[in-house]
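Coordinate analysis (summary)
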Amino acid sequence: FNTMKIGILTQALRVNYGCLMQNYALQQTLKKMGHEPITVDFSFRYKYDNYFRQLLGWVNRMRLYYLNNVNISPCFELRPNENLQFYIAKHTREWVRKNINTTRDILYFEELEDIDRENDFDAYVVGSDQVFIPYYASWFMGKFIHRKGVKMYAYAASFGKGEWLLDSKETEETKLLASNFIAISVRERSAVDLCRNYWGIDAKHVLDPALLLDAEDYLKTITLKRESNILFAYVLDESSLKRDIVEAMANSRKLKIYRCMPKEELINGVTKNLDNCIYPPVDNWLNGFNNATCVVTDSFHGVVFSIIFRKPFVVIGNTQRGMARFESLLTMLGLENRMVKDVDSAIEMMDISIDYESVYAILKCKRCEALNFLSQISE
């Protein structure tokens with residue numbers, strides 16, 4: 001067995017609860033295997049100071065808002081700067097500071113070369129979450145590495161959606177980088193075919209790392225707060241349909257609605273009260289699952305943590321963020337019927353119990369497969 005210093009490349013550890021949890025779980029799993037995992041700490045995706053780029057983004061938002069009826073701000077102002085982003089993430093970042101090992105914070109992709117020299121990692125693990133999307137892929141797949149002998153792995157990496165999004169230049173560059181990986185695993189079943197068809201790589205389909213831990217592993221990172229008779233509504237992208245489902249479900253079961261999102265979304269730095277945009281502590285989020293009588297969500301990790309905490313749940317498909325990951329996980333565990341499209345089907349589905357013994361029998365096998373994949377890092 002070889003103990004290795006491992007750099008983890010994943011999305012920014014800011015306000016996305018699911019992203020924080022999957023990274024914590026991957027670190028904990030690698031630590032249990034005897035390694036020293038350190039996550040590269042990014043802020044770069046909030047550094048938007050190019051007006052032409054902002055204009056293109058605004059045109060795209062106008063299209064989505066007026067033509068596709070997507071609930072998104074059509075404001076033109078520059079996106080929030082790093083100081084605003086750090087302010088609204090002050091609670092979640094405090095949890096990261098206590099529970100996740102990170103490098104120093106960086107703003108630009110080019111700084112990865114410095115991070116690599118400073119930390120002298122033996123290996124990198126790319127993932128989980130949407131790390132193979134065009135914005136990240138080439139950098140996350142190691143184009144910055146110039147040292148010899150660095151081992152590359154991908155664990156539960158995601159393309160975000162079920163179709164190929166990289167252009168021809170990006171495809172050519174990432175195909176060459178993929179050939180340097182010792183092993184690649186992906187989070188969605190559809191990604192296995194994408195890797196084979198575009199990179200000529202046989203990828204392994206594995207669990208999101210968050211599912212490698214149990215509820216107790218997460219609860220030990222927070223202060224427990226008991227609350228009863230609640231419906232946890234973890235909704236990322238609000239809509240009238242989702243509000244109707246949450247309210248109808250709560251009324252039918254005489255439950256209080258519990259939420260864990262800011263009162264107001266900070267879009268393009270426009271807000272009347274910045275404090276309304278602060279994300280609640282991770283404690284609130286995990287306590288929401290722990291205390292919930294049932295869960296309504298449109299989030300992939302909302303589904304994941306409903307399963308981890310063995311809660312009755314329904315999921316409202318979130319096409320805006322990609323359906324492949326929902327479909328892949330639910331199908332794997334025989335829970336595809338938990339996806340609902342209207343109020344009546346949501347109420348009906350919540351009355352149907354989930355056989356968590358069967359779900360966890362499948363999870364047990366999938367966890368073994370995941371650990372077998374990660375054991376390659378020690379070889």
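Before reading further, recall that the structure is shown in the block above.
These lines cover the structure that appears in this document, whether it is placed above or below. (Residues numbered from 1 in each chain as written. Predicted model: local features only at pLDDT ≥ 70, side-chain atom pairs only at ≥ 80, totals over all residues. Heavy atoms only, no water.)

1. Concerning the sheet that holds strand β9 (residues 256-258)
Just so we agree on the cut-off: By definition, two strands form a pair when at least two bridges between them are found by DSSP. Segments assigned H or I by DSSP are reported as helices when at least four residues long, segments assigned E as strands when at least two residues long, and all are numbered from the N terminus. Residues count as neighbours in contact if any of their non-hydrogen atoms are within 4.5 Å of one another. Between N-to-C directions, angles cover 0 to 180 degrees, with each direction set by a line fitted to C-alpha atoms, over the stretch in contact for helices.
Reading across the sheet, the five strands line up as β9-β8-β10-β11-β12 and stay open at both edges, with parallel pairing between neighbours. Unpaired on one side and paired on the other, β9 and β12 (339-340) mark the two borders of the sheet. With two bridges connecting them, strand β11 (residues 313-316) and β12 associate as parallel partners. Opposite Val-315, over in β12, you have Met-339 as the bridge partner. Sheet strands in contact with helix α12 (residues 300-308) are β8 (230-234), β10 (294-297) and β11, and its direction is about 170° off that of β11.

2. So, the pattern of salt bridges
Put simply, the test is: Counted as salt bridges are all cases of a side-chain nitrogen of Lys or Arg within 4 Å of a carboxyl oxygen of Asp or Glu. Relative accessibility under 20% of the residue-type maximum defines a buried residue, over 50% an exposed one, and the middle range a partly exposed one, all with a 1.4 Å probe and only protein chains included.
For the coordinates displayed, the defined rule picks out 24 salt bridges. One salt bridge in this structure joins Arg-367 and Asp-214, with 3.1 Å as the shortest N-O distance. Taken together, the positions of Arg-367 in helix α15 (residues 356-374) and Asp-214 in the loop between β7 (204-205) and α9 (215-219) put the pair 153 residues apart, joining distant regions of the chain. With a relative accessible area of 32%, Asp-214 lands in the partly exposed category.

3. Some points on helix α4 (residues 90-99)
Stated formally: The arc under discussion is defined with respect to the helix axis, by the directions toward the C-beta atoms.
For α4, the complete set of buried residues consists of Thr-92, Arg-93, Trp-95, Val-96 and Asn-99. In an axial view of α4, the angular spread of the buried residues amounts to 155°, which keeps them on one side of the axis. α4 presents Arg-97 and Lys-98 as exposed residues on the side facing more than 90 degrees away from its buried surface. Where α4 is buried, its residues meet α1 (17-32), β2 (36-42), α3 (82-88), β3 (102-106) and α11 (282-291).

4. As for the sheet that holds strand β1 (residues 5-9)
With respect to topology, seven strands assemble into an open sheet ordered β3-β2-β1-β4-β5-β6-β7, the strand pairing being parallel. With one partner strand each, in any of the chains shown, β3 and β7 form the two edges of the open sheet. In this structure, β1 lies alongside β2, joined through four bridges in parallel fashion. Following the sheet pairing, Ile-8 is matched in β2 by Thr-39.

It is worth stressing that arrangement in space is one thing and function is another; only the former is reported here.
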